[in-house]
Amino acid sequence: MRSFLFSEACIILIAAICIQANVNTLTWDEAYAKAKRVVNQMNLEQKIITVSGIGYENGLCAGNTNATIDPDYPSFCLQDSPIGVRFADDVTAGVAGINAAASFDRDAIRKRGEYLGKEFRGKGVHVQLGPALNFLRSPQGGRNWESGGEDPYLTGVLAEETVIGVQSQGVIAMAKHYLMNEQEIHRNITSSEVDDRTLHEIYLWPFARAVEAGVGSVMCSYNKINGAYACENDYTLNTILKGELGFKGFVCSDWTGTMSTVTAANNGLDMNMPGEIKFEGTGSYFGQNLTDAVKNNQVPESRITDMAMRVVASRYKMRQDQSYPEVALNSFNLQKAPEVNVQDDHKKLVREMGAASNALLKNNDEILPLDLDRLKSIAIIGSDAGPHPGGRMCEDDACIGGALGWGSGTVKYPYYIDPLQGLKNAFGSRELEIISSLDDWDLKKAAQISSTVDCAIVFSSANSGEEHVVFENNFGDRNNISLWQNGDNLIQAVADANENTIVVIHSVGPVLMPWINHPNIKAILWPGLAGQESGNSLADVMMGKVNPSGRLPYTIAEKQEDYVAGLIREGSFIDYSEKLLLGYRWFDFAGIKPLFPFGHGLSYTKFEYSKVSLSTITKKSYGKNEEIISEAFVTVSLTIENVGDYDGAEVYQVYISFPEYCNEPPKVLRYFEKRFIREGRHIDSTFTLRKKELSIWDTENKEWMIPSGKYTLHIGASSRDIRHSSDFTLYPF
């Protein structure tokens, strides 16, 4: 298995610059000490300037604050998106968050964060609006592709590694959307109704990992949580985020997500963005209104000082006061932006991660990798495979094909390698006949072409995005989870005509597969949203240059009704009544067989697990008149051997079943690791689970606790492919 080397070399084009940062960030205590010296010199109005946006389209960035004079404190530039610098040229369009999660690779996710940080820094951006850390609760959720899927542990890894990577370059990461923002429809008016245990064990988990990683900012969401708007929710902002988690950075509203002046300020909101109450409107909840609220004794000035301290300290923590580049954006007039190319050779990393996150769902008869010595002709079918007539280098608007997604989570593509181009590049000068049809609706032509070749590769897709863009009557969220553009009929027609059919699906989330049992469909590839190098990444996998190691970050069900939660289209309440039974946890609990389970992904080689051993150590302390487990160490060792014919990477996944009385789901993911193993070789691996992985939320005492009793540890290749299980007990003695 070949991997592409990530180079630190800089390519300077036009007026391009290369910024190599690798910042040794300050501790929060050090940052606050520096911030105090500045904020103590500010008057009330100046402190409010540092926390108030100046209005959408009134500055160079998506969000801006004004500078102050005496003391001299600079303006702030806040910019989308989680996958790259939005509203900009000469930037990289990388893999989406859902692909980063699908890689199940901590190192790759960290490197992705690092290159994102380099590009945002190179453009002079102080705050990246990302990572997105919401959940695939409903398979139709419009922004599922921006985040990490259905599991809190996996999304927590995405949070931690992305934050560390981005902030290593001196850029403030902004974890979003806090909290319980899992659908787009009615996002401004609905209240997510959730119990405290579910909130902590599922939806808070990745934000807690972001805080542990030192994240500088958190964006509160549009929705309400148990009746109170997220950007003025005292319990989630003050009690949990700033109190329980000890978050030292600043809380920023989603754009026009501030709903009041006094309540928002007193209940934990630190920065109002972009400034105005509504887009293209007038007035602001902060600015002069906040000044008046202080003078009228509705908001204490100490709270304003705290807001300013949090913002200024976040900047100093990242050392942005030391040789930070000037803003090189003009978000709403790109032609006037400075020509600063920050792409470097990041396309290599994008190509590598696009391949590493591609999940091989099915591979009958080992049809993949393609054997071009045996194939004389190939058909490539479907609009998803080729160049789109309207172009793929879009931003905000919906694009059909591999460049999927719409809304503020997008980026302008510098180019797009479509699958047809990528495969042709890989085929090279071989004597291979390549026939293509990119019309999804001409089934007769698709069948005719497919019937004449040795192998037919058929492409289809499904798309979604943010609520403010409506595409084919999809208000951000998908109306259903069927393939778009006549995909099911196209796949059926091709499979009917060719006994060696390969299906490739680019999708923002799960789709239905009514054709799954067709005997002629030999393989299914799931590349996700692979970015500008999509076609090359796909070709690397199909040709065997890269052995697939992507894993599904969500469950693909046989029927839409199998999912525990859907969209709420009517009413103002979203009841999270499934509690802890999100995703695969529900399928396990209900005994529903998924089409493809969470964590699933095949390889061109085979791996065997052996020599699993386990040991435990506990530490005790005294709680309310009883001994409790204060810490535990469950250390596990195992051997994995590559017994197949290819070098490859295996992702072993570790699930825990808690003691039965805890009323936890049947099993929950608590560790994973991707290891590269050469053909015929083996690796030994050891890991330790501690309190974080072994705890549940005690709603009575409002704390994490390690339950006493019998646990079961499961190790496997997916949530349904368990290779080994071992019981162990934890007691406070």
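Residues numbered from 1 in each chain as written. Predicted model: local features only at pLDDT ≥ 70, side-chain atom pairs only at ≥ 80, totals over all residues. Heavy atoms only, no water.

Trainee: So what's going on with the sheet that holds strand β5 (residues 191–193)? Residues and values would help.
Mentor: The mixed open sheet is built from 4 strands, whose spatial order is β8-β7-β5-β16. What marks the edges here is a single partner per strand, and that holds for β8 (228–229) and β16 (573–575). Sheet topology note: the β5/strand β7 (residues 224–225) ladder contains 2 bridges and is parallel. What sits directly across from S192, in β7, is I225. (Pairing = 2+ DSSP bridges. Helix = DSSP H or I, 4+ residues; strand = E, 2+ residues; numbered from the N terminus.)

Trainee: Account for the nonpolar core, naming residues and giving values.
Mentor: Burial of nonpolar side chains together is a common tendency in soluble globular proteins. L78, M513, W515 and W526 are the most contacted members of the largest nonpolar core, which totals 136 residues. Within the second largest apolar cluster, 46 residues are counted, among which are V157, V634, L689 and L730. (Core = buried A, V, L, I, M, F, W, Y, C linked by side-chain atoms within 4.5 Å. Buried < 20%, exposed > 50% of the residue type's maximum accessible area, 1.4 Å probe, protein only.)

Trainee: Which residues make up empty space enclosed by the protein, and what are the values?
Mentor: The final tally for this structure, using the stated rule, is 8 cavities of 30 Å³ or more. Put simply, the largest cavity is a space of about 100 Å³. In this structure, the largest cavity is lined by 14 residues; those nearest its centre are N134, R143, N144, N181 and E182. A breakdown of the residues in the lining of the largest cavity according to their chemical character gives 2 nonpolar, 8 polar and 4 charged. (1 Å grid on protein atoms, 1.4 Å probe; cavity = no way out; pocket = protein on both sides within 12 Å on 5 of 7 lines; lining within 4 Å. Points joined across faces, edges and corners; volume = space filled by probe spheres on them. Nonpolar A, V, L, I, M, F, W, Y, C, P; charged D, E, K, R; others polar.)

Trainee: Could you give me a rundown of the pattern of salt bridges, with the residues and numbers involved?
Mentor: A complete count under the given rule lists 38 salt bridges for this structure. In this structure, R106 and E160 form a salt bridge, with 3.5 Å as the shortest nitrogen-oxygen distance. With a gap of 54 residues between them, R106 in helix α4 (residues 106–122) and E160 in helix α5 (residues 152–167) connect regions that are remote in the sequence. A relative accessible area of 24% means that E160 is categorised as partly exposed. One salt bridge in this structure joins E146 and R143, with 2.6 Å as the shortest N-O distance. Looking at E146, the relative accessible area reads 3%, which means it is buried. Among the charged side chains, a salt-bridge network with shared partners connects R143, E146, E184, R187, E466 and E467. (Salt bridge = Lys/Arg side-chain N within 4 Å of Asp/Glu carboxyl O.)

Trainee: So what's going on with the state of the cysteines? Residues and values would help.
Mentor: By the definition in use, this model includes 2 disulfides. Residue pairing for C61: its cysteine sulfur links by disulfide to C77, the two sulfurs lying 2.0 Å apart. Note on the C61 and C77 pair: the S-S dihedral is about -100 degrees, so by sign convention the disulfide is left-handed. You can see C61 sitting in the loop between α2 (44–49) and β1 (63–64) and its partner C77 sitting in strand β2 (residues 77–79), a full 16 residues away along the chain. Take C61: its relative accessible area is 0%, and that puts it in the buried class. (Disulfide = S-S within 2.5 Å.)

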